[in-house]
Amino acid sequence: MERGNLINEKTIEHLSELSRIKLTPAEKQRFEKDLNAILDYVNQLQAVDTASINLDEELLKIKTALEAAEKTEKEKLSFERDDLIDGFYDRKEDWLKIPPIF
Amino acid sequence: MITLHELTIKKIHSLLLQKEISAFDLTKEFFDYIETKDKEINAYRLLLKDEALRQANEIDKKIAASENISFLAGVPLAIKDNILIRNYLTTAGSKMLAHYRAAYDAMIIQSLKKAGAIFLGKTNLDEFAMGSSSENSAFEKPKNPLDLSRVPGGTSGGSAAAVASHQAVAALGSDTGGSVRQPASFCGLVGLKPTYGAVSRFGLIAMSSSLDQIGPIAKNVEDAAYILEIIAGKDSRDETSENFQFQARSIYERKDLRGIKIGLVKEIETSSFEKDLALSYQKSLTCLQQLGATIEEISIPHISLSLPCYYVLMPAEVSSNLARFDGLRYSPSEKAGSLKDVYFETRGEYFGPETKRRIILGTFVLSSGYYDAYYLKARLVQALIKKEFEEAFQKVDLLVWPTTPTPAFKFGEKTEDPLAMYLSDIFTVPANIAGVPAVSVPIYGEEPLPYGLQFIAYHFQEAKMLNAAYLFEQISNYGKFL
């Protein structure tokens, strides 16, 4: 299979934007190369005949939260509000203190 | 003085009951040893000495009062640093969580605490459990105690290194694509990945939620079984967990493997194995035959598609799960500016390269225009593979194949080529993709470094699988630590 050029500089920039991850120029180049190689490898999935698979049926086999609702007793989450607040890395009274972002 | 090398869960339980040592003294001995030994190994990220000694004291009080204690009481364990222990730092091996203190205990931690286990500390791992060598740790990189120039494996490398260097009796890790079994294999230990849903993931920092499972790394099958008994079971806080009850004593049920059919997957070509692996593998098959098992060839036609499947599905889930790490909620970042700037700058700087690579890959396969061709297609192939496993287990009781294609590799050997690193997972990911349980036990050829032999069973057949693994361990006599 020929080496794909599925990912180019523009794609990487778009992905960086979507995933909210700043990339250096070196990283952009690196990831372009890496992603093309990886996607080249996973492309073999395309050739697999999956016509016999009904995904909806398969997914129904996985128990859903609806079944779990049969439970009469639901164990309450055991932590107190204080546990979470005490874990804040910086706080003012009961508020998580973060740098100004607006 | 107790030789730490000789300790197993069973031995500790007996020593404590016979009052030959106190839990406090035993725990203290471990910490004394860790103080010198871990400079060489870097297994531990954080030690929990005060809390461990306090826990040990509690056990001693119970013993003094002739109260019943569980077989895990007083047993010193190492915990992978992506599993939450309340009030302590949990970094997931990432700068992103360098200051994150857990607000609650993971389910398995609660279960192990209830059984009286002692937590010596948190172990190093690849960042966010992504990697195959623990070289992606943003902090210390653990070394393989069998050869310090080699990796202990990943991502539970610190956990495996701790046990293999006798700095813990056993450890807990997490396995999404092999991260318990592969380090166990590299370090000459037993590593178990339970059936998906057998163990609650509540309090495990999520990587790939439909694949992650917590499992033990131990010196022998018996110890792994003891731990599984304690950690398995339904948890209403993890809706994917099942009401699975496992009894450790089930590993003694059969005294041989007569009547057991073991399948060798023909799509896993033994001709491609390197010489020493082929030798150790053949010796293993002979042992299984000596135990009375019937060995036959079986086909899982699409098993080799497990790895490409994994490298589409897992990054997709990673990109979603790691979206929460924004520099604001869990751990401070020094970044300022608009909200978007804070996200960009923090994630750009605090995530390591492998983490970034997988998030970006995952974002791609889920993005508009590519979702059907990649993510949806991978789900379809996964369903196909699951069906093929189901059909295979209608014909045989167990499957066996090696854990890794090579023994532990050298530091830096695979870091330049991500795809080469990914390919080393080729024998471990099928069990994750199919959700079936798998256990790796150490095997040796003529070279000093161990390989691993995996036993794979159908969903929730851990009893049958561990029974066979236990018998194999006894007859093959590779228990080098005992």
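Described below are features of the structure shown in this document.

Quick look at the packing of aromatic side chains
For any two aromatic rings, the description comes down to two numbers: the centre-to-centre distance and the angle of the planes.
Residues and elements named next belong to chain B.
For step 1, the next point in the chain: Per the stated rule, a full pass over the model turns up 20 aromatic pairs over all chains.
For step 2, the next point in the chain: For the pair phenylalanine 71 and tyrosine 226, a centre-to-centre distance of 4.6 Å together with 40° between the ring planes defines the contact as tilted. Taken together, the residues phenylalanine 71 in the loop between helix H3 (49-64) and strand E2 (76-80) and tyrosine 226 in helix H7 (residues 221-231) connect sequence positions 155 residues apart.
For step 3, the next point in the chain: Residue class for tyrosine 226 comes out buried when judged on its relative accessible area of 11%.
For step 4, the next point in the chain: An angle of 45° between the planes, with centres 5.6 Å apart, marks the rings of phenylalanine 393 and tyrosine 458 as tilted. With a gap of 65 residues between them, phenylalanine 393 in helix H12 (residues 372-395) and tyrosine 458 in the loop between strand E11 (451-456) and helix H15 (462-476) connect regions that are remote in the sequence.
For step 5, the next point in the chain: Accessibility expressed as a relative area gives 12% for phenylalanine 393, which makes it buried.
For step 6, the next point in the chain: Under the relative-accessibility criterion, tyrosine 458 is labelled partly exposed at 26%.
For step 7, the next point in the chain: Here a set of aromatic residues connected by ring pairs shows up, and it is made of Tyr100, Phe128, Phe325, Tyr330 and Phe351.

Comments concerning the environment of alanine 115 of chain B
All names here are of chain B.
For step 1, the next point in the chain: Along the chain, alanine 115 turns up in the loop between helix H4 (107-114) and strand E3 (118-123).
For step 2, the next point in the chain: It is 7.6 Å that separates the C-alpha atoms of alanine 115 and isoleucine 69, two residues lying 46 residues apart in sequence.
For step 3, the next point in the chain: Residue contacts for alanine 115: discarding those within four places in its chain leaves Ser70, Leu72, Ala73 and Ile230.

Details of the packing of helix H2 (residues 25-42) of chain A against helix H11 (residues 353-366) of chain B
For step 1, the next point in the chain: Two elements in contact, H2 of chain A and H11 of chain B, have axes whose closest approach is 11 Å; the angle formed by their N-to-C orientations is 60°. The orientation of H2 of chain A with respect to H11 of chain B, classified from their angle, is oblique. Here the hand of the crossing between H2 of chain A and H11 of chain B comes out right-handed. In contact with Glu27, Arg30, Phe31, Asp34, Leu35, Ile38 and Leu39 of chain A of H2 of chain A, H11 of chain B contributes Pro353, Lys356, Arg357, Ile360, Leu361 and Phe364 of chain B.
For step 2, the next point in the chain: Residue composition of the contact of H2 of chain A with H11 of chain B, by class: 8 nonpolar, no polar and 5 charged.

Cut-offs used in this document
- Residues numbered from 1 in each chain as written.
- Chains lettered and ligands numbered in written order.
- Predicted model: local features only at pLDDT ≥ 70, side-chain atom pairs only at ≥ 80, totals over all residues.
- Heavy atoms only, no water.
- Phe/Tyr/Trp six-rings, centres within 6.5 Å; stacked < 30°, edge-to-face > 60°.
- Helix = DSSP H or I, 4+ residues; strand = E, 2+ residues; numbered from the N terminus.
- Buried < 20%, exposed > 50% of the residue type's maximum accessible area, 1.4 Å probe, protein only.
- Contact = heavy atoms within 4.5 Å.
- Axes fitted to C-alpha atoms, helices over the stretch in contact; angles between N-to-C directions.
- Parallel < 35°, antiparallel > 145°, perpendicular 65-115°, else oblique.
- Left-handed = near helix turned anticlockwise from the far one by under 90°.
- Nonpolar A, V, L, I, M, F, W, Y, C, P; charged D, E, K, R; others polar.

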